[in-house]
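# Breakdown of the fold
This is what each chain is made of:
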Amino acid sequence: MPNRLELRLMIGEEVGIVAPGEVMSADDSDYIKRREESKLAELYEAGLISFDQDGDIPEAYMLPIAKIIAGEVAPGFGSDIATAKALASEGLATLRKLKAPPYFPTAPATYY
């Protein structure tokens, strides 16, 4: 399962400050890390994530969380607010789908 460093790299890719496979600068990584920790705590408190925040991150949650945090940090890297909001909204929508209970259709009953 992916770890927090891989999450930070994915956030950098979403914001556009690193290309896939590149190494992020220490300053950029630190900037993202400070916001990442508070945002993960916020998502946990809201019930949108249920895994250990300090441990590995389930694969299905990586991209949605990266988009949410990218939306938070994007203006700090020169992105416009509309792009940041779109990233965050897309990530939140996906997280809500992941947390939604599964749909089980019911068959109509016939009573005699």
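Report on the accompanying structure.

Rules behind the numbers
Residues numbered from 1 in each chain as written. Predicted model: local features only at pLDDT ≥ 70, side-chain atom pairs only at ≥ 80, totals over all residues. Heavy atoms only, no water. Helix = DSSP H or I, 4+ residues; strand = E, 2+ residues; numbered from the N terminus. Rg over C-alpha atoms; globule rule 2.2 N^0.38 Å. Buried < 20%, exposed > 50% of the residue type's maximum accessible area, 1.4 Å probe, protein only. Contact = heavy atoms within 4.5 Å. Axes fitted to C-alpha atoms, helices over the stretch in contact; angles between N-to-C directions. Parallel < 35°, antiparallel > 145°, perpendicular 65-115°, else oblique. Left-handed = near helix turned anticlockwise from the far one by under 90°. Nonpolar A, V, L, I, M, F, W, Y, C, P; charged D, E, K, R; others polar. Phe/Tyr/Trp six-rings, centres within 6.5 Å; stacked < 30°, edge-to-face > 60°. Lys NZ or Arg CZ within 6 Å of the ring centre and 35° of its normal. Core = buried A, V, L, I, M, F, W, Y, C linked by side-chain atoms within 4.5 Å.

Summing up its helical and strand segments, the chain has 4 helices and 0 strands in all. In the chain, the succession of helices and strands from N to C terminus is α-α-α-α. In terms of C-alpha radius of gyration, the chain reaches 17 Å, well past the compact-globule figure of 13 Å for 112 residues. Its C-alpha atoms put the chain at 70 × 30 × 25 Å along the principal axes. The 112 residues of the chain split such that 32% are buried. Residue pairs at least 24 apart in sequence account for 63% of intrachain contacts in the chain once pairs closer than 6 positions are excluded.

Running from N to C, helix H2 (residues 26–45) and helix H3 (residues 59–73) cross one another at 120°; their axes reach a closest spacing of 10 Å. Relative to H3, the element H2 lies oblique. For the crossing formed where H2 meets H3, the hand is right-handed. Each of Tyr31, Ile32, Arg35, Glu36, Lys39, Leu40 and Leu43 in H2 lies in contact with H3, whose residues at this interface are Ile65, Ile68, Ile69, Glu72 and Val73. Across the contact of H2 with H3, the residue classes tally to 8 nonpolar, no polar and 4 charged.

In this section: the packing of aromatic side chains. The full count for this structure, using the stated rule, is 2 aromatic pairs. A ring pair is formed by Phe51 and Tyr61, whose centres lie 5.4 Å apart and whose planes are at 65°; its orientation type is edge-to-face. Of the two residues, Phe51 sits in the loop between H2 and H3 while Tyr61 sits in helix H3, which places them 10 residues apart along the sequence. Taken as a pair, Phe51 and Tyr61 share a single burial class, namely buried. The aromatic ring of Tyr31 is capped on one face by Arg35, whose charged end is 3.7 Å from the ring centroid.

Quick look at the nonpolar core now. Judged by nonpolar contacts, the single largest core of 22 residues is most densely connected at Leu7, Ile11, Ile49, Ile65 and Leu95. Of all the secondary-structure elements, those providing two or more residues to this core are helix H1 (4–15), H2, H3 and helix H4 (81–99). Per element, the largest residue contribution to this core is 8 residues, and it comes from H3. Setting aside anything within four residues of it in sequence, one finds Leu7 in contact with Glu36, Leu40, Ile57, Met62, Ile65, Ala66 and Ile69.

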